[in-house]
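These are the residues of each chain, in order.
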Amino acid sequence: MVTLAEVARHAGVSASTVSYVLSGKRSISAATRERVETSVRRLGYHPNAGARALASSKSNIIALMVPLRTDMYVPVIMEIATAVATAARTHGYDILLLTGEEGAQAVRRIEGSALADAVIVMDVELDDERLPLLRTASRPAVLIGLPDDTTGLDCVDLDFAAAGALCAEHLAGLGHREIAVIGEAAAVYERRTGFAERTLTGLRERSAELGLRLLHRPCEGSYASVSATLSRIYDERPGTSAFIVQNEAATDPLLALLRQSGRAVPEDVSVVAVCPEQVARHASVPLTSVAVPAQEMGRRAVEQVVAQIEGRGAAEEVVLLAPELTIRESAAQAPPAA
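- In the annotation of an unreviewed UniProt entry, the protein is listed under the name LacI family transcriptional regulator and assigned to Streptomyces endophyticus.

Considering the overall build of the protein
Step number 1: Secondary structure assignment for the protein yields 14 helices and 12 strands.
Step number 2: Here the C-alpha atoms of the protein give a radius of gyration of 25 Å, more than 25% beyond the 20 Å that 2.2 N^0.38 yields for 338 residues.
Step number 3: Taking the principal axes of its C-alpha atoms as reference, the protein extends roughly 90 × 40 × 30 Å.
Step number 4: In the protein, buried positions account for 51% of the 338 residues.
Step number 5: Long-range contacts, defined here as pairs at least 24 residues apart, represent 72% of the contacts in the protein between residues at least 6 apart.
Step number 6: Accessible surface, the protein: about 15,300 Å² in total, of which carbon and sulfur atoms supply 51%.
Step number 7: Side chains of the protein give 33 positive and 42 negative charges; the mean places of these two sets differ by 8 Å.

Details of the side chain of H170
Step number 1: Within the fold, H170 resides in helix α8 (residues 160-173).
Step number 2: Accessibility expressed as a relative area gives 17% for H170, which makes it buried.
Step number 3: Ignoring sequence-local partners within four residues, the contact set of H170 consists of V272, T288, L325, I327 and A331.

Here's the deal with unusual backbone geometry
Step number 1: In this chain, V265 is followed by P266 through a cis amide linkage whose omega measures 10 degrees.
Step number 2: Checked against the element boundaries, P266 lands in the loop between α12 (251-260) and β9 (270-275).
Step number 3: One non-glycine residue, N60, adopts positive backbone phi at about 60 degrees.
Step number 4: Within the fold, N60 resides in the loop between α4 (49-56) and β1 (61-65).
Step number 5: N60 sits in the partly exposed class, given a relative accessible area of 30%.
Step number 6: A positive phi angle, close to 55 degrees, is found at D123, a residue other than glycine.
Step number 7: Following the sequence through the fold, D123 ends up in the loop between β3 (118-121) and α7 (131-136).
Step number 8: By relative accessible area, which is 12% here, D123 ends up buried.

Things to note about the pairing of strand β5 (residues 155-158)
Step number 1: Side-chain alternation along β5 places C155 and D157 on one buried face and V156 and L158 on a second face that is also buried.
Step number 2: Here two bridges tie strand β4 (residues 141-144) to β5, and the two strands are oriented parallel to one another. Residue I144 lies in a different strand from β5, and its bridge partner there is V156.
Step number 3: Looking at chain direction, β5 and strand β11 (residues 318-321) are connected through four bridges and run parallel. Note on β11: the bridge partner recorded for D157 is L320.

A short note on helix α5 (residues 74-90)
Step number 1: Relative to the 24 Å expected for 17 residues at 1.5 Å per residue, α5 spans 25 Å between its end C-alpha atoms, a close match to the ideal helical length.
Step number 2: All buried positions along α5 are accounted for by V76, I77, E79, I80, A81, A83, V84, A87 and A88.
Step number 3: On its buried face, α5 sits against β1, β2 (94-98), β3, β4, α13 (277-281) and α14 (294-309).
Step number 4: A positive backbone phi angle near 85 degrees is found at G92, which sits one or two residues after α5.

Considerations on the packing of helix α1 (residues 4-11) against helix α3 (residues 30-43)
Step number 1: The contact between α1 and α3 brings their axes to 9 Å, and the two run at 120 degrees. Compared by their axis directions, α1 and α3 come out oblique. Classified by chirality, the crossing of α3 by α1 is right-handed. Along its contact with α1, which presents E6, V7, H10 and A11, the element α3 presents R35, V36, S39, V40, R42 and L43.
Step number 2: Partitioned by chemical class, the residues of the contact of α1 with α3 number five nonpolar, two polar and three charged.

Quick word on the side chain of T229
Step number 1: With respect to the secondary-structure elements, T229 resides in helix α11 (residues 223-236).
Step number 2: Since its relative accessible area comes to 8%, T229 is described here as buried.
Step number 3: Within polar-contact distance, the side chain of T229 engages the backbone oxygen of S225 at 2.8 Å.
Step number 4: Discounting chain neighbours no more than four positions away, the residues touching T229 are R217, P218 and C219.

Quick look at the sheet that holds β2
Step number 1: Taken in spatial order, the six strands line up as β2-β1-β3-β4-β5-β11 in an open sheet, and their pairing is parallel. The sheet terminates laterally at β2 and β11, the two strands that pair on one side only. Neighbour to neighbour, the strand axes of the sheet diverge by 20 degrees on average, direction disregarded.
Step number 2: Helix-sheet contacts for α5 involve β1, β2, β3 and β4, and the interaxial angle to β2 is about 150 degrees.

Each value, and the rule that gives it
Residues numbered from 1 in each chain as written. Predicted model: local features only at pLDDT ≥ 70, side-chain atom pairs only at ≥ 80, totals over all residues. Heavy atoms only, no water. Helix = DSSP H or I, 4+ residues; strand = E, 2+ residues; numbered from the N terminus. Rg over C-alpha atoms; globule rule 2.2 N^0.38 Å. Buried < 20%, exposed > 50% of the residue type's maximum accessible area, 1.4 Å probe, protein only. Contact = heavy atoms within 4.5 Å. Areas by Shrake-Rupley, 256 points an atom, 1.4 Å probe, with all protein chains shown as cover. Lys, Arg positive; Asp, Glu negative; His and termini not counted. Charge placed at Lys NZ, Arg CZ, Asp CG, Glu CD. Pairing = 2+ DSSP bridges. Expected span 1.5 Å × (residues − 1). Axes fitted to C-alpha atoms, helices over the stretch in contact; angles between N-to-C directions. Parallel < 35°, antiparallel > 145°, perpendicular 65-115°, else oblique. Left-handed = near helix turned anticlockwise from the far one by under 90°. Nonpolar A, V, L, I, M, F, W, Y, C, P; charged D, E, K, R; others polar. Polar contact = N/O pair within 3.5 Å; in protein donor to acceptor, adjacent residues only side chain to side chain.

This is the structure we're talking about:
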């Protein structure tokens, strides 16, 4: 790796002069600046991020904590991460991606270093172990997700409880009374992951108000798992006339299995999903759905954290994005037998 001292020798100047050229902290003659910049290009020198941070007390880097778990739908996670990176660049920041399942240890690592000016946290659990450290950290933090207790925290998320309620209302309006929910993998609920738990809460509460019979079954999302889950649902609730799906990987297998069993969508059974727009639009039967606004969530999180870095952010700001249901081709009036 090329060092600053090697650049200085190549350019025939002192190391401090190279540092001044790179940082712009002092006025350097045009000729000297050009000589240093030529040496930087020829030698392929890249300033060390940690050294820059120590020199300026600012790294212009935002850490993004996004554990990549096998039981989560990675494309939507990466869509949010991409939105964060894109929005960060418009504000002059780069993203440091932390994909391990380190939990609180990752927060300590960022807090104890000069690698990042702030942190954005994804995959938030209702009782997330990272929260106590984030509340007392010296660096700004924003959660893409909503824990049980938001005291001392800045958060942005889709209002998943309202999204669940909206799905229940739509199907009730179509005359459905027996509804099954095909949810995320069991491990997602075991961790009490916020988005999944809040959707289920909204569904249960609104279904009770509307007099609906609701059955929830977690599902891994594979074809075999969806097949087993569907069989179990019809064994337990043979009168089920509608499904609500919050598991992107399960949508295509579900539609295929319903078709193979002789149940037409939406004539015999209705399906509504909570999923990204592209999943709903490209399903074999375009799905009536509540969209997960990944782009908006990522952009809002960056705006909040940059405002904190610059000292103009509101304290304990919680932004919940209102859900919108888009009607497509997968839901219709409940059949008479239902």
